[in-house]
Amino acid sequence: MGSRLLIPAIMCGGAGTRLWPVSRESMPKQFVPLVEARSTFQQVLGRIRDHAIFDRPIVITNSDFRFIVAEQMRECAVAGDIVLEPMRRDSAMAVGVAAVLAAARDPASTVIVLAADHVVRDPDAFARSCREAMSAAADGQIVTFGINPTFPATNYGYIRPGARLDGGAAFAVDSFIEKPDAATASRYIADRYLWNSGNFVFRADVMLGEIARLEPDIAKAARAAVGGMTKDLDFLRLPAAAFAQAPKKSIDYAVMERTERAAVVPLDCGWSDIGSWSAVWDAQDHDADGNAATGAVVFRDSRNNLAHSDDATLTAVVGVDDLVVVATPDAVLVTSRDKAEQVKDLVEELKAQNREQAVTHLRIYRPWGYYQGVDAGARFKVKRIVVKSGAMLSLQKHFRRSEHWVVVRGTAEVTIGSEIRTITENESIHIPIGSVHRLANPGTMPLELIEVQVGDYLGEDDIERLTDQYGRS
């Protein structure tokens, strides 16, 4: 019969370039607070905490995001299997890997594939639909959630539902339709079509059977990758050679548009995929003039705008309508809401110009915490460094620069050569050129310090790491 619980498989691999400059490849949209204090990934984790419905999750992400995923799961008190993809192969391979892993628990286990960047305003309605989808999946259907359209969107795929299945909540899928033009989308709404949410429920053995029948190369690669999986700290790392054998295909193209087992459960839960800044405006609360704001924002004589600002950057919007204004410490975006989809093309242009703001944030996350650029010149660089309680940086030395550390909060344990010193708030220490050194936080609160680098070369190539961030040589 299989498990009576759903195994969540959360897909966390996307780059989210339409939400630049907040979302970048170094920290994509699913890990960033966009519509509330928690990231959308953390919101998904909150929706699967009901142990009467959901089993231990499988989180599939890129290796670059592993520490962000682990930290945000820790903050939500959710334990799960964090699986690291060595490269991007689109959603069909990720779903195949999730199905193989779920089948190892129980071949007839039921999996729910969830995108990490979706917002749900009514979690109770979502849970009810999950139960309904489980019933159809138990009968061998591969169930997608169909969203009742609220406007004639041209950036979503559509589903034409067919006959109701066995008196339940699920319907057969007559057809999947790719993104239509505006006139066609309006006709689809009139004909009661549904948006394709891209979230699925299926029995592991059924999905594996369909992938093997329709895309045997993906099925073979998924089994080989899981078979060669290795444990790396708290992560499960998939081998690159086996993973690379899978062709790049979405699960829609690979299976859902070709299988005879497709079914759809209508989902009315205040869903949004947060695919653009316009969608962020839709998902947020508005003031009396239709404005939506995040961070330090002031509106005056303005209507129907979205303004998103870093709390340290006051953003004032005056005398304009229907705009998106996004201010971050190193980049500002201004666009009309109806042109917000073009931000993706803008990012590609910025990449072609080799602008680092296209892909990298000022704040860079590491397993021990993060650092953030503050200022830089020809012979100096200033960083803010935050080290988690109990964490330790690598033992290292620099050949062409010295460093000065000033503690602004917490306690630092500093190793220089054979000497270990403890420095606290408002104290400083100098790290000479060529000295072996290490920074650790022995305290119970985060350690914050300002680092000033001075020298002829301030790049990462000047670092010789003698141990990793866990103190191993």
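Residues numbered from 1 in each chain as written. Predicted model: local features only at pLDDT ≥ 70, side-chain atom pairs only at ≥ 80, totals over all residues. Heavy atoms only, no water.

Across the sheet, 6 strands lie side by side as 20-21-22-29-24-27; this open sheet has antiparallel pairing. Either end of the sheet is taken by a strand with one partner, and the two such strands are strand 20 (363-366) and strand 27 (428-431). Strand-to-strand twist of the sheet, defined as the mean angle between neighbouring strand axes without regard to direction, takes the value 20°. Relative to strand 27, strand 24 (residues 401-409) is paired through 4 bridges, and the arrangement is antiparallel. Bridge pairing in strand 27 links H404 to H430. (Pairing = 2+ DSSP bridges. Helix = DSSP H or I, 4+ residues; strand = E, 2+ residues; numbered from the N terminus. Axes fitted to C-alpha atoms, helices over the stretch in contact; angles between N-to-C directions.)

Read across the sheet, 4 strands follow the order 14-16-18-19 without closing on themselves; strand pairing throughout is mixed. Across the chains shown, the open sheet's two edge strands, defined by having one partner strand only, are strand 14 (292-294) and strand 19 (331-336). When strand polarity is set aside, the average angle formed by the axes of neighbouring strands in this sheet is 5°.

What follows is about the side chain of T184. The topology assignment puts T184 in helix 5 (residues 182-190). Here D181 takes part through its side chain, which lies 2.6 Å from a polar atom of the side chain of T184. (Polar contact = N/O pair within 3.5 Å; in protein donor to acceptor, adjacent residues only side chain to side chain.)

The omega torsion of the bond from W20 to P21 falls at 5°, within 30 degrees of zero and hence cis. Residue position: P21 is located in the loop between strand 1 (6-12) and helix 1 (40-47). Of note in the backbone geometry, R192 takes a positive phi value of approximately 65° without being a glycine. One can find R192 in the loop between helix 5 and strand 9 (194-203). Take R192: its relative accessible area is 67%, and that puts it in the exposed class. Backbone geometry places N304, a non-glycine residue, at a positive phi of 60°. Structurally, N304 can be placed in the loop between strand 15 (297-300) and strand 16 (306-309). Classification of N304 by relative accessible area gives partly exposed; the value is 28%. (Buried < 20%, exposed > 50% of the residue type's maximum accessible area, 1.4 Å probe, protein only.)

The interhelical angle for the contact between helix 3 (residues 90-105) and helix 6 (residues 204-214), taken along N-to-C directions, is 135°, at an axis separation of 9 Å. One element, helix 3, and the other, helix 6, form an angle in the oblique class. Crossing hand, helix 3 versus helix 6: left-handed. Together, A92, V95, G96, A99, V100, A102 and A103 of helix 3 and A204, M207, L208 and I211 of helix 6 make up the contact between the two elements. Grouping the amino acids of the contact of helix 3 with helix 6 by side-chain chemistry returns 10 nonpolar, 1 polar and no charged. (Parallel < 35°, antiparallel > 145°, perpendicular 65-115°, else oblique. Left-handed = near helix turned anticlockwise from the far one by under 90°. Contact = heavy atoms within 4.5 Å. Nonpolar A, V, L, I, M, F, W, Y, C, P; charged D, E, K, R; others polar.)

By size, the foremost hydrophobic cluster in this structure holds 75 residues, and its most contacted members are I10, F41, I112 and W277. With 8 residues, helix 4 (residues 123-138) is the largest single contributor of residues to this core. Ignoring any residue separated from it by four or fewer positions in sequence, one finds F41 in contact with I10, C12, Q30, F31, V59, V69, Q72, M73 and A116. Counting residues in hydrophobic clusters, the runner-up holds 50 residues, among them A102, V113, F243 and A262. (Core = buried A, V, L, I, M, F, W, Y, C linked by side-chain atoms within 4.5 Å.)

With that out of the way, let us pick up the packing of aromatic side chains. This structure, assessed with the given rule, holds 11 aromatic pairs. The interplanar angle of 45° and the centroid separation of 6.4 Å between the aromatic rings of F126 and F145 together place this pair among those described as tilted. Of this pair, F126 sits in helix 4 while F145 is found in strand 6 (residues 142-147), placing the two residues 19 residues apart along the sequence. Aromatic ring contacts, followed pair by pair, group F151, Y156, W195 and W271 into a single cluster. Between R337 and the ring centre of W281, over which it is positioned, the NZ or CZ distance is 3.6 Å. (Phe/Tyr/Trp six-rings, centres within 6.5 Å; stacked < 30°, edge-to-face > 60°. Lys NZ or Arg CZ within 6 Å of the ring centre and 35° of its normal.)

On to the environment of G443. As for its placement among the helices and strands, G443 is situated in the loop between strand 28 (437-440) and strand 29 (447-455). Residue contacts for G443: discarding those within four places in its chain leaves S389 and G390.

To continue, consider the state of the cysteines. In this structure the tally under the stated criterion is 0 disulfides. We note that C76 lacks a disulfide partner, and the nearest cysteine sulfur, in C12, lies 11 Å from it. (Disulfide = S-S within 2.5 Å.)

What follows deals with the environment of A116. Within the element layout of this structure, A116 appears in the loop between strand 4 (110-115) and strand 5 (119-120). According to the relative accessible area criterion, A116 is buried, its value standing at 1%. Placed 77 residues apart in sequence, A116 and S39 show a C-alpha to C-alpha distance of 9.1 Å. Not counting the four nearest positions on each side in its chain, A116 is found in contact with I10, M11, C12, Q30, T40, F41 and V44.

Moving on, we come to the confidence of the model for the protein chain. Summarising the model, the protein chain shows a mean pLDDT of 91, and 96% of its residues fall at 70 or more. For the protein chain, the element scoring lowest by mean pLDDT is strand 30 (residues 463-465), at 72; strand 17 (residues 315-318) scores highest, at 97. (pLDDT = per-residue confidence, 0-100.)

Time to look at the packing of helix 6 against helix 7 (residues 216-227). Remark: helix 6 packs on helix 7, axes separated minimally by 5 Å, with the N-to-C direction vectors making an angle of 125°. Between helix 6 and helix 7, the crossing angle belongs to the class labelled oblique. The segment helix 6 lies against helix 7, with L208, I211, A212, R213 and L214 engaging P216, I218, A219 and R223. Taken together, the residues of the contact of helix 6 with helix 7 sort by class into 7 nonpolar, no polar and 2 charged.

This part is about helix 11 (residues 343-352). If you check which residues of helix 11 are buried, you get V343, V347 and L350. Buried positions in helix 11, seen along its axis, are confined to an arc of 60° and lie on one side of it. Residues D345 and A352 are exposed on helix 11 and point more than 90 degrees away from its buried face. Looking at the packing, one finds that the buried side of helix 11 touches strand 19. Count one or two residues on from helix 11 and you reach N354, which has phi positive near 60°. (Arc of directions from axis to C-beta.)

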